[in-house]
Amino acid sequence: MKKVVLILFGFIVISGCKKSNSGGVETPVLPPAYAAVQYRGADLSFLPEIEQSGAKFYAADGTQVDALAFMKTKGTNIVRLRLWHNSSTGHSNYTEIESFAQRLKSAGLNWWLDFHYSDTWADPANQTIPAAWQAASFTVLQDSVYNYTFKVLNNLKAKNILPTIVQIGNETNSGMLWDKGKVGGSFDVNWPNYAALVKKATDAVKAVDASTKTMLHFAGTTGADWFFNNIKNQGVSYDIIGLSYYPFWHNRNLTELQTDLNTLSATFNKDIFITETAYPFTTGYNDFTNNVVGPSVTLLNGYAATPAGQSKFLIDLRTVINKIPNSRGLGFCYWAPDWMAYRGPTATNGSAWENLALFDFNSKAQEGWDAFAP
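Owing to the predicted nature of the structure, the values given are computational and were not obtained by experimental measurement.

## Examining the packing of helix H7 (residues 224-233) against helix H9 (residues 254-268)
For the pair H7 and H9, interaxial distance at closest approach is 11 Å and the crossing angle is 10°. Here H7 is positioned roughly parallel relative to H9, judged by the angle of their axes. Contacts between H7 and H9 involve Ala 224, Asp 225, Phe 228, Asn 229 and Lys 232 from the former and Leu 264, Thr 267 and Phe 268 from the latter. A per-class count over the contact of H7 with H9 returns four nonpolar, two polar and two charged.

## Observations regarding the nonpolar core
Formed by 98 residues in total, the largest nonpolar core has its most connected members in Tyr 117, Phe 228 and Leu 243. Examining the composition of this core, we find that eight residues originate from one element, helix H6 (residues 191-208), more than from any other. The next biggest cluster of nonpolar side chains, apart from the first, holds nine residues, and it includes Ile 78, Met 215, Ile 240 and Phe 273.

## Comments concerning the side chain of Gln 142
You can see Gln 142 is positioned in helix H5 (residues 138-158). Contacts of Gln 142, omitting those with residues within four sequence positions, involve Ala 196, Leu 197 and Lys 200.

## Digging into the pairing of strand E7 (residues 213-219)
With six of seven residues buried, E7 is to be regarded as a mostly interior element. Of the pairings in the sheet, the one linking strand E6 (residues 165-168) to E7 comprises three bridges and is parallel in character. Looking across to E7, one finds that Ile 165 is bridged to Lys 213. With H6 bridging E6 and its parallel neighbour E7, the resulting β-α-β unit is right-handed. Note: E7 against strand E8 (residues 240-245), five bridges, orientation parallel. Note that in E8 the partner of Ala 219 across the bridge is Ser 244.

## With respect to the pairing of strand E9 (residues 271-277)
Taken residue by residue, a regular strand's side chains alternate between the two faces of the sheet. Most of E9 is tucked away: seven of the seven residues are buried. Of the strand pairs in this sheet, E8 and E9 are connected by six bridges, and their pairing is parallel. If you follow Leu 243 over to E9, its bridge partner there is Ile 274. For the segment spanning E9, helix H10 (residues 307-322) and strand E10 (residues 329-335), crossover handedness is right-handed.

## Some details on the packing of aromatic side chains
Counted by the stated rule, this structure contains 39 aromatic pairs. Between Phe 46 and Trp 335 the ring centres are 5.9 Å apart and the planes differ by 85°, which places this aromatic pair in the edge-to-face class. Taken together, the residues Phe 46 in the loop between strand E1 (39-43) and helix H2 (47-52) and Trp 335 in strand E10 connect sequence positions 289 residues apart. Residue Trp 335 is classed as buried on the basis of its relative accessible area of 11%. Between Trp 335 and Trp 339, the aromatic rings sit 6.1 Å apart at their centres with planes inclined by 80°, giving edge-to-face as the arrangement. One exposure class covers both Trp 335 and Trp 339, and it is buried. The rings of Phe 46, Trp 84, Trp 121, Tyr 246, Phe 248, Trp 249, Trp 335, Trp 339 and Trp 353 are connected pair by pair, giving a single aromatic cluster. The side chain of Arg 82 reaches across the aromatic face of Phe 46, ending 4.5 Å from its centre. Directly above the ring of Tyr 238 sits Lys 270, whose terminal nitrogen or CZ lies 4.3 Å from the centroid.

## Topic: the pattern of salt bridges
Enumeration over the complete set of coordinates arrives at 13 salt bridges. A salt bridge links Glu 49 to Arg 343; the shortest N-O distance between them is 3.0 Å. One end of the pair, Glu 49, is in helix H2; the other, Arg 343, is in the segment after E10, and 294 residues separate them in sequence. Using a relative accessible area of 41% as the deciding quantity, one classes Arg 343 as partly exposed. A salt bridge links Asp 66 to Arg 103; its shortest N-O distance comes to 3.3 Å. Here Asp 66 is found in the loop between strand E3 (64-65) and helix H3 (67-74), whereas its partner Arg 103 is found in helix H4 (residues 94-107), with 37 residues between them in sequence.

## Observations concerning the sheet that holds E6
Taken in spatial order, the eight strands line up as E1-E4-E5-E6-E7-E8-E9-E10 and close into a barrel, and their pairing is parallel. The average undirected angle you get between the axes of adjacent strands in this sheet is 25°. The pairing of strand E4 (residues 78-83) with strand E5 (residues 110-115) spans six bridges and is classified as parallel. Looking at E5, one finds that Leu 83 is bridged to Phe 115. Against the sheet, H4 touches E4 and E5, its axis set at about 170° to E4. Across the sheet, H10 touches E1, E8, E9 and E10, and the angle it forms with E10 is around 155°.

## Section: the side chain of Glu 49
Judged by relative accessible area, Glu 49 falls into the buried class, the value being 18%. For Glu 49, the side chain forms a polar contact with the side chain of Arg 343, separated by 3.0 Å. Those residues in contact with Glu 49, other than ones at most four positions away along the chain, are His 91, Tyr 342 and Arg 343.

So, how was this worked out
Residues numbered from 1 in each chain as written. Predicted model: local features only at pLDDT ≥ 70, side-chain atom pairs only at ≥ 80, totals over all residues. Heavy atoms only, no water. Axes fitted to C-alpha atoms, helices over the stretch in contact; angles between N-to-C directions. Helix = DSSP H or I, 4+ residues; strand = E, 2+ residues; numbered from the N terminus. Parallel < 35°, antiparallel > 145°, perpendicular 65-115°, else oblique. Contact = heavy atoms within 4.5 Å. Nonpolar A, V, L, I, M, F, W, Y, C, P; charged D, E, K, R; others polar. Core = buried A, V, L, I, M, F, W, Y, C linked by side-chain atoms within 4.5 Å. Buried < 20%, exposed > 50% of the residue type's maximum accessible area, 1.4 Å probe, protein only. Pairing = 2+ DSSP bridges. Right-handed = clockwise from strand over helix to strand, strands pointing away. Phe/Tyr/Trp six-rings, centres within 6.5 Å; stacked < 30°, edge-to-face > 60°. Lys NZ or Arg CZ within 6 Å of the ring centre and 35° of its normal. Salt bridge = Lys/Arg side-chain N within 4 Å of Asp/Glu carboxyl O. Polar contact = N/O pair within 3.5 Å; in protein donor to acceptor, adjacent residues only side chain to side chain.

Put into structure tokens, the structure is as follows:
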């Protein structure tokens, strides 16, 4: 017993040491065993496009691998896919989703479906109504949400590839389907409208299969109590609180995150899923596309922009999720771990994320994949 206590104490002391953001190579401090989490996920919405480009993936030793099979061997057990209503890119549409879901089923992987309810990216700054619905009255819009959600899921059910989780909107901090479903600020009177749209979507999910879990998704933790309290006041039923957590954007360290997650779970009696996360292994770049995280980014103390720092961040994030009381922490999902500079080093329309991927600039797997171990 004393030996175990000493090991744990050593881990706490070492992991609490602060380092400069520009520090050199560091070795992740592993706990005696990884903190248990039910789901270790990856958002692979880019993967069909990347594979179609002819890009190859490699294990750390240089052996070429099938990306999906490799991720499963490392411990990934759920995959998130986004769905756009009428995509102009030829990707993230229903046809691609159905095909990928069949592949996931064959691989023995769970998956969850992220309805953006838009023809393109939906996030805290953008929630554009699909072009096909823009002239609709609010009554017709509600029916459109229900019928669309039901049709997609019923089609998937007929193929025996229903998702485990359905996400109702993406980073809906200010609602969705703007302006009819917009909330916050001068639109704060719109909560009944937003709630009505969410209820239509969740009703459709449960009508197809009552066992499918529903998730509402908020970016960050600041303001999440306000958002989910309004959802509660409107009588919206859902199963999971999904949260994006990018420490370089959301200005919360892991200690603060722990407090936030514990409070949210207890206040709303819900399971918590870190729906999106990522951390850089460098602040450099590998193509001519501007990256969302560059040299001026503010990183967490003790987590350098190195492969080891990236891995350590994920390992420690698992511990935070595991510590949510009453086993309410479901897991994490790494956003776009596959989004390398797949169009080549001079592409201006390549990846804005290659320094946050879990494959390096030679397309080799990083040590961050070790954090997905069961």
